[in-house]
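Residue strings, one per chain:
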Amino acid sequence: MRRLIFTFVALLCLSFCTAMQVGAQAKAPSEYAVKAAFLYNFTKFVEWPPDVPDEKDSLLQICVIGENPFGNELENIIEGMKVGGKSVTVSYTRSAEEILSYDVVFIAQSEESTLDRMLKILTNRAILTVSDIDDFAERGGTIGFFAEDDRIRFEINVDAAEETGLQISSKLLRLARIVD
Amino acid sequence: MEIILEELTNIEAVLMGMNLLKSSHMEFVSEPHNISTELRRGACWRPFQGVKEYMMNSLTVRIFVFAILVGGFLNGSTWASQAGSEDLDLAQMSLEDLMDIKVTSVSKKAEKLSDAAAAIYVLTGEEIRKSGARTIPDALRMVPGLHVANIDGSTWAISARGFNASFSNKLLVLIDGRTVYSPLFSGVWWDVQDVLMEDIDRIEVIRGPGATLWGANAVNGVINITTKQPGKSQETMLVVGSGTYERGAGALRYNGPVGNNGSLRVYGKYFDRNEFDASSGIDTKDDWWMGRGGFRYDGALSDLSDITVQSDVYNGKAGANYVVPDINAPYTTVLQEQTDITGGNILARFSRQSQSGNQHTVQVYFDQAARKDTWVDFSRKTYDLDYQHSFGVSSQLDVIWGGGYRVNHDKVTSGLYISMNPTERTYGLGNIFAQIDYAIVPNRLELTLGTKLEYHELTDLEIQPSGHILWHPARDHTLWASVSRAVRTPSRVDREGELFIAAVPPLSLANPTPIPVKVVFRGISENRSENLVAYEVGYRSTLSNRITLDVTGFYSRYNDLLSLAIGEPEFDENYPAYIILPVDIMNTRDAETYGVEFAGAWKTSERVEFKLSYSHQWSYAGFGGEGVSFGSLKSFESPGPSNQFSLYATTEVRRNINVTTQIRYVDEVERQGISSYVTGDLRLGWQVLPQLELSVTGQDLLEKSHTEFISEMGRISTGVERRFHADLKLAL
């Protein structure tokens, strides 16, 4: 009997919670929806060197390498968006050889073990590297996400940015934690 | 009375086992089945009445499942329908606004599971905290294919793929790179394997052999417990709680920076746990308490080199009832034991990474443990040094190699039940290993080959090679297969121990002589390692961002398993006189096991996640070899349940309220007469303020109590009881 009473209480509890949920407030966005929005925003505050030969001048190409953590959040954000007159596109790949033709490369956490090699390939290229791998900026990436108090923050490795030849606006630098 | 009956069946089991020996000298056990089945029933069934009852409660179970599903689906669907309309327009938000958004979960670390050619499963710290698990074994119950069973409040039998026992000797366990497997008894004392639950970063469980990298005794699995790095993601906090089982529990953690490049965590933790279910009438006496404290420092020495220094100390007292043999009438006694438990460790790890991707790691640690009661009294010290180097030769070839040396020193004070000869011993073991990862077709087909050479002062050289192949037939689909060899090195007990295991009364069915028989298990110094060759295949898939599947099949072949052989009876002329019947511990048995393990996860929305696991195994098919296997005895190396099932559901009911439910089904442990059971846990967590969380946890809710396992060492099993706990967590 006590068992039944308990189960009943548990059931009640769950349904109560469920009922409350229906009237609940707007949900907090998922981590990667926010990161996608950050990624898009970064492109507004970075200037690519004009002398880079680029046949697809009208495109700003973002590439995600590794296991795509964004789902379709990135498409949702950039859909129909233009930055500096360029249409933003996104593609996904697993092969490090393909990333050199993009403007922005997001390195997924799945690539942690090959990160150093990948960063080596990217050295001195005008490519903005972004990742949420731990200590990404410390390890030589340009912009690294980290979490603080359930909020997303980013850090910028100024030296790495300089090597790529990208111009990062002071506004972006002001909001970032600087790694040097 | 029940205890004595229980012991009778134990003796019977031992004798029955002996009787299987062709060379048996024991005429008096020619009719072992004559020991009344009535008696056995009395002994086996009465304590487990609660278990039988769950059948009657299948309705309760169904309601519970229903509650989980309804809760999950409703929440999932309501969110799904809201997602479009009420979503914030992130694309239009400024960086400042974005930085102000609180997100639901921030994953700290990725699990690159899809690229592992092994049956690996990862429990994240977040999952563990949401589950309300209060001990590491509690958390391990969520892992597919692991059999986790309480013997009493402070003793667990944990194993993968069979061979379970309270000293389950084929499973290696590491905490932050330090092995906690006892070389003295071949097993893990789970009562002292504890950390601050909030500090757990992840628990990686590899089922199947992992000896090429981890070394001897990683035969049926490796459990790798990692705590978080102090720093960025941690805070100073205080947790206090109380419950029906855990009378009082508290923990305090400080986290802060040290200089420019370092961070430090200091913690202290204490709990006082009650007796488990005493409804069978016996005062279970298995209450226990423990206090522990320690620190971890992580710092950067330069841009490319890091250092970690960490240490823990603990002290506690655990009670238990033992049924022990007695050479005088009535030939068994119940001992009420209070075991003093102390120990500590200190570890330093230095790692250096070069620009070219070379990584060197040097680790050194010292670990000591001691226990004292009338049953066993020992102390052990371990010194360990390891080096590891990994580098990429080309974009297709990665190499990892390393080596290490360990020295164990132990001292066992001979008692009535356990003695060792010599009582004190120092022994070393060294190893070198190398493993290559070769991408035959980059991102498609990958081959891993490696071997470990391990030199054990007592057993000589062991070679533990393995080969794995991994194929991605398509993106997000992984097929893998492996063959590996692993050994379990003999413990000190296996080689030099003497265990007083039973006293057979005179003029009894089993012993018609007028003097009692003292049955003694004796370790033999020629004992070698037990060894295993395992064949595994697996498939892993990410069907979508929300659904993942993982299936593994294994076939394991064991040789030189522990076995028993009856020696020549000896007459002891002491007063009172008795006959000593030595039973030698040998390794002459073979066995096979095979099985399947399944794990699936489904995230119906950002806030709702289900995890399902199922495992099935066919054990000990085609036993071979000579002698009596340990596995054929009632409580040694149990094949474990043939089916296990679990469902984990977690929902963010509101932004700050989490409800997590678990249901577990564990099949009967046939040889022990343990019935199957279904049980469930429920935790409600409410983040009242950013700094304050309140939570209520109910564990093993579906029955008043159930028994899970019988110890091979006379420790009396107690019922795992329904229990509730409330916690308050304050970030300072």
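Owing to the predicted nature of the structure, the values given are computational and were not obtained by experimental measurement.

Trainee: Go over the overall build of chain B, please, and point to the residues and values.
Mentor: The helix and strand inventory of chain B stands at nine helices and 37 strands. Within chain B, the proportion of its 732 residues that are buried is 59%. Sequence-distant contacts, at least 24 apart, represent 63% of the contacts inside chain B between residues at least 6 apart. Total accessible area on chain B stands at roughly 28,300 Å², and carbon and sulfur atoms take up 57% of it.

Trainee: Break down the overall build of chain A for me, with residues and values.
Mentor: Regarding its fold elements, chain A presents six helices and ten strands. Within chain A, the fraction of its 180 residues that count as buried is 52%. When the accessible area of chain A is evaluated, it comes to approximately 8,000 Å², of which 52% is carbon and sulfur surface.

Trainee: Which residues make up a negative patch on the surface, and what are the values?
Mentor: All names here are of chain A. On the surface, D159, E162, E163 and D180 cluster together to form a negatively charged patch. Secondary-structure assignment places E162 in helix 5 (residues 158-164). Assessed through its relative accessible area of 60%, E162 is described here as exposed.

Trainee: Got a sec to walk through unusual backbone geometry? Specific residues and values, please.
Mentor: Residues B:N421 and B:P422 are joined by a peptide bond in cis, for which omega reads 0 degrees. In this fold, B:P422 is placed in the loop between strand 17 (418-420) and strand 18 (424-441). The phi dihedral of A:N124 falls on the positive side, at around 60 degrees, and the residue is not glycine. With respect to the helices, strands and loops of the structure, A:N124 is situated in the loop between helix 4 (115-122) and strand 6 (128-131).

Trainee: For the confidence of the model for chain B, give the residues involved together with the corresponding values.
Mentor: Residues and elements named next belong to chain B. Mean pLDDT over chain B works out to 81, with 82% of the residues at or above the 70 mark. Confidence scores differ between elements of chain B, with helix 2 (residues 37-45) showing the lowest mean pLDDT of 33 and helix 7 (residues 136-140) the highest of 95. Counted against residues more than four places away or in other chains, residues 1-56, with its pLDDT under 50, gives 96 contacts. Below a pLDDT of 50 lies the segment residues 70-87, which in the model reaches 31 contacts outside its immediate sequence neighbourhood of four places, other chains included.

Trainee: Quick one: what's the story with the packing of aromatic side chains, residue by residue and with numbers?
Mentor: As enumerated under the stated definition, the model contains 26 aromatic pairs over all chains in all. A centroid spacing of 4.8 Å and a plane angle of 65 degrees characterise the contact between A:F70 and A:F106, whose relative ring orientation is edge-to-face. Taken together, the residues span a long stretch of sequence, with A:F70 in the loop between strand 2 (59-65) and helix 3 (73-78) and A:F106 in strand 5 (residues 104-107) at a distance of 36 residues. Each member of the pair, A:F70 together with A:F106, is buried. Ring centres of B:Y594 and B:W618 lie 5.4 Å apart, and the angle between their planes is 25 degrees; on these two criteria the pair is classed as stacked. With B:Y594 in strand 27 (residues 578-605) and B:W618 in strand 28 (residues 608-618), the pair connects residues that are 24 residues apart, well separated along the chain. Looking at B:Y594, the relative accessible area reads 33%, which means it is partly exposed. On the basis of relative accessibility, which here comes to 41%, the residue B:W618 falls in the partly exposed class. Feature note: the residues A:Y32, A:F38, A:F42, A:F70, A:F106, A:F145 and A:F154 constitute an aromatic cluster, connected by ring pairs. For the cation-ring pair, A:K35 lies above A:Y32, with the distance from its terminal atom to the ring centre recorded as 4.7 Å.

Trainee: Tell me what's going on with the sheet that holds strand 7 (residues 221-227) of chain B, and back it up with residues and numbers.
Mentor: All names here are of chain B. If you trace the five strands from one edge of the open sheet to the other, you get 1-6-7-4-5, paired in mixed fashion. With one partner strand each, in any of the chains shown, strand 1 (119-124) and strand 5 (178-179) form the two edges of the open sheet. Here strand 4 (residues 171-175) runs beside strand 5; their pairing, made up of two bridges, is antiparallel. Each bridged residue has a counterpart across the sheet, and for L174 the counterpart in strand 5 is T179.

Trainee: Describe the environment of B:E609, listing the residues and the values that go with them.
Mentor: Residues and elements named next belong to chain B. You can see E609 is positioned in strand 28. Judged by relative accessible area, E609 falls into the partly exposed class, the value being 21%. Here the alpha-carbon distance between E609 and A649, two residues 40 residues apart in the chain, equals 5.7 Å. Excluding anything up to four places from it in sequence, E609 contacts A601, W602, K603, Y648, A649 and T650.

Trainee: How would you summarise the environment of B:N431 if you had to cite specific residues and measurements?
Mentor: Residues and elements named next belong to chain B. Relative to the helices and strands, N431 is located in strand 18. On a C-alpha basis, the gap between N431 and H456 in space is 8.5 Å, while along the polypeptide they are 25 residues apart. Residue contacts for N431: discarding those within four places in its chain leaves D386, G402, G403, G404, K452, L453 and E454. Among the polar contacts listed, one links the side chain of N431 to the side chain of K452, at a separation of 3.4 Å.

Trainee: So what's going on with a nonpolar patch on the surface? Which residues, and what values?
Mentor: Residue and element names in this part refer to chain B. A cluster of nonpolar side chains, I436, Y438, I440, V441, L449 and I469, forms an exposed patch at the surface whose accessible area comes to about 440 Å². Relative to the elements of secondary structure, I469 occurs in strand 20 (residues 460-474). Classification of I469 by relative accessible area gives partly exposed; the value is 35%.

Trainee: Can you break down the nonpolar core residue by residue, with the values?
Mentor: Within the largest apolar cluster, 89 residues are counted, with the highest numbers of intra-cluster contacts made by B:I128, B:L140, B:F185, B:W190, B:I203 and B:I223. The element contributing the most residues to this core is strand 27 of chain B, with seven residues. If near-sequence neighbours (up to four positions away) are discounted, B:L140 is found in contact with B:L123, B:L146, B:V148, B:I158, B:W190, B:I203, B:V205 and B:I223. A:W48, A:L60, A:F70 and A:I168 belong to the second-largest nonpolar core, a separate cluster that totals 45 residues.

Trainee: An account of the sheet that holds strand 2 of chain A is needed here, citing residue identities and associated values.
Mentor: Residues and elements named next belong to chain A. Here eight strands make up an open sheet; going across it, the order is 3-4-2-5-6-7-8-10 and the pairing mixed. Whereas interior strands pair on both sides, the edge strands pair on one side only; in this sheet they are strand 3 (82-83) and strand 10 (177-179). Bridge count between strand 8 (residues 151-157) and strand 10: three bridges; the pairing is parallel. Across the sheet, the residue bridging to E155 is R177, located in strand 10.

Reading the values: the criteria
Residues numbered from 1 in each chain as written. Chains lettered and ligands numbered in written order. Predicted model: local features only at pLDDT ≥ 70, side-chain atom pairs only at ≥ 80, totals over all residues. Heavy atoms only, no water. Helix = DSSP H or I, 4+ residues; strand = E, 2+ residues; numbered from the N terminus. Buried < 20%, exposed > 50% of the residue type's maximum accessible area, 1.4 Å probe, protein only. Contact = heavy atoms within 4.5 Å. Areas by Shrake-Rupley, 256 points an atom, 1.4 Å probe, with all protein chains shown as cover. Patch = residues over 30% accessible without salt bridge, like charges linked within 9 Å, V, L, I, M, F, W, Y side chains within 5 Å. Salt bridge = Lys/Arg side-chain N within 4 Å of Asp/Glu carboxyl O. Lys, Arg positive; Asp, Glu negative; His and termini not counted. Charge placed at Lys NZ, Arg CZ, Asp CG, Glu CD. pLDDT = per-residue confidence, 0-100. Phe/Tyr/Trp six-rings, centres within 6.5 Å; stacked < 30°, edge-to-face > 60°. Lys NZ or Arg CZ within 6 Å of the ring centre and 35° of its normal. Pairing = 2+ DSSP bridges. Polar contact = N/O pair within 3.5 Å; in protein donor to acceptor, adjacent residues only side chain to side chain. Core = buried A, V, L, I, M, F, W, Y, C linked by side-chain atoms within 4.5 Å.

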